[in-house]
Amino acid sequence: MKILKKLGLLLLVVFIIAQFFGPEKNDGDIASVDAFFADTNLPKNVKAIFTSSCVDCHSDSTRYPWYNNITPVNYWLDEHVNDGKKHFNISRWTDYSDKKKDHKLDELIEMVEEKEMPLPSYTWTHSDAKLSQVQIDAVLSWAKSVRLKYVFLKEPQ
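Small disclaimer: the values here were computed from a predicted structure and weren't measured.

**Student:** A description of the overall build of the protein should follow, citing residues and the corresponding values.
**Tutor:** Secondary structure summary: the protein contains 7 helices and 0 strands in total. Starting at the N terminus, the α and β elements of the protein follow one another as α-α-α-α-α-α-α. Dimensions of the protein, computed from C-alpha atoms along their principal axes, come out at roughly 70 × 30 × 30 Å. Contacts in the protein between residues far apart in sequence, at least 24 positions, make up 77% of those at least 6 positions apart. In the protein, which carries 20 positive and 22 negative side-chain charges, the distance between the mean positions of the two groups comes to 6 Å.

Here it is as structure tokens:
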């Protein structure tokens, strides 16, 4: 029994020390998404959907929940945010070529149609991010119409 108490105490000490360490936060300026919003001409309803369901993981500005201050949860969240930004970062929209913009919108359409985005792990704690069928239809309609702009602009293959 003594060994279990010592092991438990050691784990508690390690957990407490770990709280002083964490990943770098993704807390850039929310204005970094303005170019995407302007370039893609988001209607108000779709902009609201992006703000509540997409920006946290797909931009350089994340609104962190209280539990992000707990290690190891913060590392798990950091991995999700970095993975989301790797696939689609609206803060970097102006860095993308027209061909890449078209491709990113095509991927967005696919992920939303398949209801793979937003992730269930995100909507568990952000219930306002869960998309209704009306919201899904609005995003898909917007994305398909905006995509036409880039189909005609992208470089010849």
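Right, picking up where we left off after that structure.
**Student:** Which residues make up the pattern of salt bridges, and what are the values?
**Tutor:** A complete count under the given rule lists 10 salt bridges for this structure. Of the charged contacts in the structure, one is a salt bridge between Asp83 and Lys86, with a shortest N-O distance of 3.3 Å. Separated by 3 residues within a single helix, Asp83 and Lys86 lie in helix H4 (residues 73-87), roughly one turn from each other. Lys86 sits in the exposed class, given a relative accessible area of 59%. In this structure, Asp102 and Arg147 form a salt bridge, with 2.5 Å as the shortest nitrogen-oxygen distance. Residue Asp102 is located in helix H5 (residues 98-113), and its partner Arg147 is located in helix H7 (residues 133-153); the two are separated by 45 residues in the primary sequence. Overall, Arg147 belongs to the partly exposed group, its relative accessible area being 23%.

**Student:** Which residues make up a nonpolar patch on the surface, and what values go with them?
**Tutor:** On the surface, Leu9, Leu12, Val13, Phe15, Ile16, Ile17, Phe20, Phe21, Trp66, Ile70 and Tyr75 cluster together to form a nonpolar patch covering roughly 1,200 Å² of accessible area. Tallying contributions element by element places helix H1 (residues 2-18) first for the nonpolar patch, with 6 residues. A relative accessible area of 54% places Phe21 in the exposed class.

**Student:** Can you explain the state of the cysteines? Please cite residues and give values.
**Tutor:** In protein chemistry, a disulfide is the covalent bond that joins the sulfur atoms of two cysteines. Enumeration according to the criterion identifies 0 disulfides in this entry. Cys57 provides the cysteine sulfur closest to Cys54, a residue in no disulfide bond, and the two sulfurs are 9.2 Å apart.

**Student:** Which residues make up the side chain of Ser91, and what are the values?
**Tutor:** The residue Ser91 is located in the loop between H4 and H5 in this model. Other than its neighbours up to four places away in sequence, Ser91 contacts Ser32, Val33, His58, Ser59 and Asp60.

**Student:** Tell me about unusual backbone geometry, and name the residues and values.
**Tutor:** Here the bond from Thr71 into Pro72 is cis, since omega is 20°, no more than 30 degrees from zero. Structurally, the position occupied by Pro72 is in the loop between helix H3 (44-53) and H4. Despite not being glycine, Asn41 shows a phi value in the positive range, around 50°. Looking at where Asn41 falls in the secondary structure, it is placed in the loop between helix H2 (34-40) and H3.

**Student:** Go over the environment of Lys99 with me, naming the residues and quoting the values.
**Tutor:** One can find Lys99 in helix H5. Sequence separation of Lys99 and Tyr150 is 51 residues, and the distance between their C-alpha atoms is 6.7 Å.

**Student:** Quick rundown of H4? Include the residues and the values.
**Tutor:** If you check H4, its first and last C-alpha atoms are 22 Å apart, about what 15 residues at 1.5 Å a residue would give, namely 21 Å. Burial in H4 covers these residues: Asn74, Leu77, Asp78, Val81, Gly84 and Lys85. Along the axis of H4, the buried residues cluster in a sector spanning 130°; they form a single face.

**Student:** How would you sum up the side chain of Asp78? Please name residues and give values.
**Tutor:** On the secondary structure map, Asp78 appears in helix H4. Within the buried core, Asp78 has no salt-bridge partner, and the shortest N-O distance to an opposite charge, that of Lys85, equals 7.5 Å. With sequence-adjacent residues up to four places away left out, Asp78 is seen in contact with Pro23 and Glu24.

So, how was this worked out
- Positions within a chain are numbered from 1, following the residues in the order the chain's sequence is written.
- Whole-chain, interface and lining totals are the exception, using all residues; otherwise, since this is a predicted model, local features are given only for residues with pLDDT of at least 70 and side-chain atom pairs are given and counted only at 80 or more.
- Derived side-chain values reflect all non-hydrogen atoms in the structure, with water molecules and hydrogen atoms excluded from consideration.
- Secondary structure is summarised from DSSP: a helix means a run of H or I of at least four residues, a strand means a run of E of at least two, and numbering begins at the N terminus for each.
- For this analysis, residues touch if any pair of their heavy atoms sits within 4.5 Å.
- Counting rule for charge: Lys and Arg are taken as positive, Asp and Glu as negative, and neither His nor the chain ends is counted.
- Every charge is mapped to an atom, namely NZ of Lys, CZ of Arg, CG of Asp or CD of Glu.
- Salt bridges are defined as contacts in which a side-chain nitrogen from Lys or Arg sits within 4 Å of a carboxyl oxygen from Asp or Glu.
- Buried means the residue's accessible area, taken with a 1.4 Å probe over protein chains only, is under 20% of the maximum for its type, while exposed means over 50%, and partly exposed covers the values in between.
- For patch detection, residues must exceed 30% relative accessible area and be free of salt bridges, and they are connected within 9 Å for like charges or within 5 Å for nonpolar side chains (Val, Leu, Ile, Met, Phe, Trp, Tyr).
- Here the accessible surface of atoms and residues is derived via Shrake-Rupley with a 1.4 Å probe, and residues count as covered only by protein chains that are part of the display.
- Any cysteine sulfur atom paired with another within 2.5 Å is treated as part of a disulfide.
- Every helix has an expected span of 1.5 Å times one less than the residues it contains.
- Regarding the arc, it is the one traced by the directions from the helix axis to the C-beta atoms.

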